[in-house]
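# Geometric and topological summary
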Amino acid sequence: MDTPDVLAWRDGYIEALDQTALPHQVRVQRITTVDQLVDAITTLTVRGAPVLGAAGALGVALAVCQGGREGWDQARLDAEIKRIADARPTAVNLRREVSAVAGRIPEGRAAVEAAALAVVGTAAAVSEQISRRGAAYLRQACGSGRLRAG
């Protein structure tokens, strides 16, 4: 089975696994604007602390791309980035990663994208490590036979 990434950067836009459709359906949302990203965060299409942080990081890259296409000035770019950070007021990871990646804006688009992709990579690695530890625990606690959740 070919499973999509939970979150990915695709040369100027974000692909996000729609978490509201799980587990019955696998649906990927293409996010091309800050409005769409804020909507995805507020409607819980994108959720979970590490994913929110990664989405926020990618959101800064998205805002830089959109701002370049639409001719935003610095004040508009700052306002759009703030909207991303504020999309989920209690999400510490979201605000932290938006701030970290936004700090790279003076270095240019490539630096912003590299910083955002580094956040995504770290979030994925941490999630994978947690999954491995959980699987090892289940094998230890339940034995090596086939497991079924339900």
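Below is a short write-up of the structure. Source: prediction; values computed, not measured. (Residues numbered from 1 in each chain as written. Predicted model: local features only at pLDDT ≥ 70, side-chain atom pairs only at ≥ 80, totals over all residues. Heavy atoms only, no water.)

Relative to the assigned elements, alanine 79 resides in helix H3 (residues 74-86). Taking C-alpha positions, alanine 79 is 22 Å from arginine 30, a pair spaced 49 residues apart along the chain. (Helix = DSSP H or I, 4+ residues; strand = E, 2+ residues; numbered from the N terminus.)

So, about the pairing of strand S2 (residues 14-17). Bridge analysis of strand S1 (residues 7-9) against S2 gives three bridges, and the strand direction is antiparallel. Within the sheet, the bridge partner assigned to leucine 7 lies in S2 and is alanine 16. In this structure, the hairpin formed by S1 and S2 is closed by a connection of four residues, where aspartate 11 is found at a positive phi of approximately 50°. Pairing of S2 with strand S3 (residues 28-31), which is carried by four bridges, proceeds in the antiparallel orientation. Counted as the bridge partner of isoleucine 14 is isoleucine 31 from S3. (Pairing = 2+ DSSP bridges.)

Counting through the fold element by element, glutamate 80 comes out in helix H3. A polar side-chain atom of glutamate 80 sits 2.6 Å from a polar atom in the side chain of arginine 83. Ignoring anything within four residues of it in the chain, the contact list for glutamate 80 reads Val34 and Trp72. (Polar contact = N/O pair within 3.5 Å; in protein donor to acceptor, adjacent residues only side chain to side chain. Contact = heavy atoms within 4.5 Å.)

Bringing the packing of aromatic side chains into the picture now. Taken as a whole, this structure holds zero aromatic pairs when the rule is applied. Of note, arginine 30 hangs over the ring of tyrosine 13, and the distance from its end group to the ring centre comes to 3.7 Å. (Phe/Tyr/Trp six-rings, centres within 6.5 Å; stacked < 30°, edge-to-face > 60°. Lys NZ or Arg CZ within 6 Å of the ring centre and 35° of its normal.)

One open sheet accounts for three strands, arranged S1-S2-S3; its pairing is antiparallel. Each of the sheet's edge strands pairs with one partner strand only, and the pair in question is S1 and S3. Taking each pair of neighbouring strands and ignoring which way they run, the sheet shows an average axis angle of 20°. Against the sheet, helix H1 (residues 34-42) engages S2 and S3, with an angle of about 145° to S3. (Axes fitted to C-alpha atoms, helices over the stretch in contact; angles between N-to-C directions.)

Keep in mind these values describe shape, not function.
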